[in-house]
Amino acid sequence: MIIVNLDVMLAKRKMSVTELSERVGITMANISILKNNKAKAIRFTTLEAICEVLDCQPGDILEYREGDLSDEK
């Protein structure tokens, strides 16, 4: 499964979800979906914008882990 570590990058950059939402140009709801690992997909243009704003690489945000969320219970 793919894990979105957006909360980690936001903390490293001392940036709020609100600020990221405004600077990237997507809704806070969509940022929240990404942050909470509920997203089924992400557009490359959105990922690119997030990386530009957070000054990071896609690998800083996305992580592959074997298994699924039910394994973490």
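Notes on the structure follow.

**A short note on the environment of Met28**
Then step 1. Looking at the element boundaries, Met28 is found in helix α3 (residues 28–35).
Then step 2. The class for Met28 is partly exposed, based on a relative accessible area of 43%.
Then step 3. Taking the C-alpha atoms as reference points, Met28 and Tyr64, separated by 36 residues in sequence, lie 24 Å from one another.
Then step 4. Non-local contacts of Met28, meaning those with residues more than four positions away in its chain, are made with Val17, Thr18 and Ser21.

**With respect to the environment of Leu20**
Then step 1. Mapping Leu20 onto the fold places it in helix α2 (residues 17–24).
Then step 2. Using a relative accessible area of 0% as the deciding quantity, one classes Leu20 as buried.
Then step 3. Along the backbone, Leu20 and Glu48 are 28 residues apart, and their C-alpha atoms lie at a distance of 13 Å.
Then step 4. Not counting residues within four places of it along the chain, the set of residues in contact with Leu20 comprises Leu6, Leu10, Met15, Gly25, Ile31, Val53 and Leu54.

**Examining the nonpolar core**
Then step 1. Grouped together as the largest cluster of nonpolar side chains are 17 residues, with contacts concentrated most on Leu6, Leu20, Ile50, Leu54 and Ile61.
Then step 2. Of all the elements in the fold, those that place two or more residues in this core are α1 (6–12), α2, α3 and α4 (44–54).
Then step 3. The biggest single contributor to this core is α4, with 5 residues.
Then step 4. Those residues in contact with Ile61 that lie beyond four places of it in its chain are Ile3, Val4, Asn5, Leu6, Met9, Leu47, Ile50, Cys51, Leu54 and Cys56.

**A few points about α4**
Then step 1. Where α4 is concerned, the buried positions are Thr46, Leu47, Ile50, Cys51, Val53 and Leu54. What you see down the axis of α4 is that its buried residues fit within an arc of 165 degrees, all on one side. In α4, those exposed residues whose orientation departs by more than 90 degrees from the buried face are Phe44, Thr45, Glu48 and Glu52.
Then step 2. A positive phi of about 50 degrees marks Asp55, the residue just after α4.

Conventions we followed
- Residues numbered from 1 in each chain as written.
- Predicted model: local features only at pLDDT ≥ 70, side-chain atom pairs only at ≥ 80, totals over all residues.
- Heavy atoms only, no water.
- Helix = DSSP H or I, 4+ residues; strand = E, 2+ residues; numbered from the N terminus.
- Buried < 20%, exposed > 50% of the residue type's maximum accessible area, 1.4 Å probe, protein only.
- Contact = heavy atoms within 4.5 Å.
- Core = buried A, V, L, I, M, F, W, Y, C linked by side-chain atoms within 4.5 Å.
- Arc of directions from axis to C-beta.

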